[in-house]
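The lines below spell out each chain.
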Amino acid sequence: MTRCPCLSGLTYEACCGRLHAGTSTAQTAEQLMRSRYSAFAVGDAGYLSATWHPSTRPAELTLDEDRRWYRLDVLRTERGGPFDTEGVVEFRAHHRSPTSKGSQHEVSRFAREDGRWFYVDGVG
């Protein structure tokens, strides 16, 4: 029972792991963003592609295996609730590699279609 990379305080299996396994779907834009961060942390490119809006999804997605994601700070959310059709989540994700460390700041846009949330795009 490992702690979820999104730092929700839950185990991976009880939090983002069930979304990655497909036994549950994100109910809010923030929950999708957290699960996508966790997908980067555990190297689940398939989940990232599946939750990326088709209009902006890249044809191929390659993850940097040397980059380890270790902390997520959710800075702000706008809309993105269970009854909204769009939402915004601002976050900072911290990472390390063998040669450096850093963080990524992003304001991400999400859309909900047919009851499912999708990542649309983000501005750093």
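Residue numbers run consecutively from 1 along every chain, following the written order of its sequence. Reporting of local features is limited, given that this is a predicted model, to residues whose pLDDT is at least 70; pairs of side-chain atoms are given and counted only at 80 or more, and all residues count toward the totals for whole chains, interfaces and linings. Based on all heavy atoms of the structure, the side-chain values leave hydrogens and waters out of the count.

**Regarding the side chain of His95**
Secondary structure is summarised from DSSP: a helix means a run of H or I of at least four residues, a strand means a run of E of at least two, and numbering begins at the N terminus for each. With respect to the helices and strands, the residue His95 is situated in strand S2 (residues 86–96). Residue contacts for His95: discarding those within four places in its chain leaves Arg67, Arg68, Trp69, Tyr70, Lys101, Gly102, Ser103 and Gln104. By definition in these notes, contact holds between two residues if any of their heavy atoms fall within 4.5 Å.

**Thoughts on the nonpolar core**
Counting residues in each nonpolar core, the largest one holds 23 residues, and the members touching the most others are Leu72 and Phe110. The element contributing the most residues to this core is helix H2 (residues 29–42), with five residues. What Leu72 contacts, discounting residues up to four positions off in sequence, is Cys6, Leu7, Met33, Arg34, Tyr37, Phe91, Arg92 and Ala93. To form a nonpolar core, buried Ala, Val, Leu, Ile, Met, Phe, Trp, Tyr and Cys residues must be joined to one another through side-chain atoms within 4.5 Å. The buried label goes to any residue with under 20% of its type's maximum accessible area, the exposed label to any with over 50%, and the partly exposed label to all in between, with areas taken from a 1.4 Å probe on protein chains only.

**A short note on the environment of Gly102**
Tracing the sequence through the fold places Gly102 in strand S3 (residues 101–113). Since its relative accessible area comes to 26%, Gly102 is described here as partly exposed. It is 24 Å that separates the C-alpha atoms of Gly102 and Val120, two residues lying 18 residues apart in sequence. Excluding anything up to four places from it in sequence, Gly102 contacts Ala93, His94 and His95.

**With respect to the layout of surface pockets**
It is the rolling of a water-molecule-sized probe over the atoms that shows where space remains empty. In this analysis, the protein atoms alone were mapped onto a 1 Å grid. Cavities are point sets where a 1.4 Å probe fits without being able to get out; pockets are open sets with protein on both sides within 12 Å along at least five of seven lines; lining residues have an atom within 4 Å of a point. Grid points are joined across faces, edges and corners, and a volume is the space filled by probe spheres set on the points. Considered as a void within the structure, the largest pocket measures approximately 280 Å³ in volume. Broken down by secondary-structure element, the contributors of at least two residues to the lining of the largest pocket are H2, S2 and S3. Taken together, the residues of the lining of the largest pocket sort by class into 10 nonpolar, two polar and two charged. Here the second largest pocket defines a volume of roughly 170 Å³. Taken together, Phe40, Ala41, Val42, Gly43, Thr62, Leu63, Asp64, Glu65, Arg67, Arg68 and Trp69 form the lining of the second largest pocket. When contributions to the lining of the second largest pocket are tallied by element, the ones reaching two or more residues are H2 and strand S1 (68–79). Here the lining of the second largest pocket gets three residues from one element, more than from any other, and that element is H2. Among the residues making up the lining of the second largest pocket, the classes are represented as five nonpolar, two polar and four charged. Classes in brief: Ala, Val, Leu, Ile, Met, Phe, Trp, Tyr, Cys and Pro nonpolar; Asp, Glu, Lys and Arg charged; the others, Gly included, polar.

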